[in-house]
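Coordinate analysis (summary)
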Amino acid sequence: MLKPLGDRVVLRHLEAEEKTQSGIILTGAAKEKPQEAEVIAVGPGGVIDGKEIKMEVKVGDKVICSKYAGTEVTIDKEEYVIVKQSDILAIVE
């Protein structure tokens, strides 16, 4: 499993929409990259560049993140994205 360092968070994107709100079915290339993701692992935070970083998300949270943020990695055929906590825009409640 991945263990992020510093203020980083490991996310797994939730599935992209298969069709638009008006009912148009999307092909693989036309699907938008999903912005909603589930938190899989959270780094310890701490002092980074002289600033105290408190981790505000926890494992299991559903979040909205910047569309093209982070580094994509594949482990055991599962795709994950490693982002800085600042790339997470909101927690979905």
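Okay, so let's go over this structure. Please read all numbers here as calculations on a predicted model, not as lab measurements.

Thresholds applied
- Residues numbered from 1 in each chain as written.
- Predicted model: local features only at pLDDT ≥ 70, side-chain atom pairs only at ≥ 80, totals over all residues.
- Heavy atoms only, no water.
- Salt bridge = Lys/Arg side-chain N within 4 Å of Asp/Glu carboxyl O.
- Buried < 20%, exposed > 50% of the residue type's maximum accessible area, 1.4 Å probe, protein only.
- Core = buried A, V, L, I, M, F, W, Y, C linked by side-chain atoms within 4.5 Å.
- Helix = DSSP H or I, 4+ residues; strand = E, 2+ residues; numbered from the N terminus.
- Contact = heavy atoms within 4.5 Å.
- Pairing = 2+ DSSP bridges.

**Observations regarding the pattern of salt bridges**
Summed over all chains, the structure comprises 3 salt bridges. Here Arg8 and Asp7 are joined by a salt bridge, their closest N and O atoms 3.8 Å apart. Looking at Asp7, the relative accessible area reads 10%, which means it is buried. Taking the shortest distance from any N to any O, the salt bridge between Lys58 and Asp61 comes out at 3.1 Å. Asp61 gets classed as buried once you look at its relative accessible area, which sits at 10%.

**Quick notes on the nonpolar core**
Here is a general trend for soluble globular proteins: nonpolar side chains tend to be buried in one another's company. If you look at the biggest cluster of nonpolar residues, it comprises 12 residues: Val9, Leu11, Ala37, Val39, Met55, Val57, Val63, Cys65, Ala69, Val81, Val83 and Ile88. Elements represented by at least two residues in this core include exactly β1 (8–13), β2 (36–42), β5 (62–65) and β7 (78–84). Residues within four places of Cys65 in sequence aside, it is in contact with Leu11, His13, Gln35, Asp87, Ile88 and Leu89.

**Examining the pairing of β5**
Judged by which residues are buried, β5 turns out to be one-sided: Val63 and Cys65 face inward and are buried, whereas Lys62 and Ile64, on the alternate face, are not. Across 3 bridges, the pairing between β2 and β5 is antiparallel. Bridge pairing in β5 places Ala37 opposite Val63.

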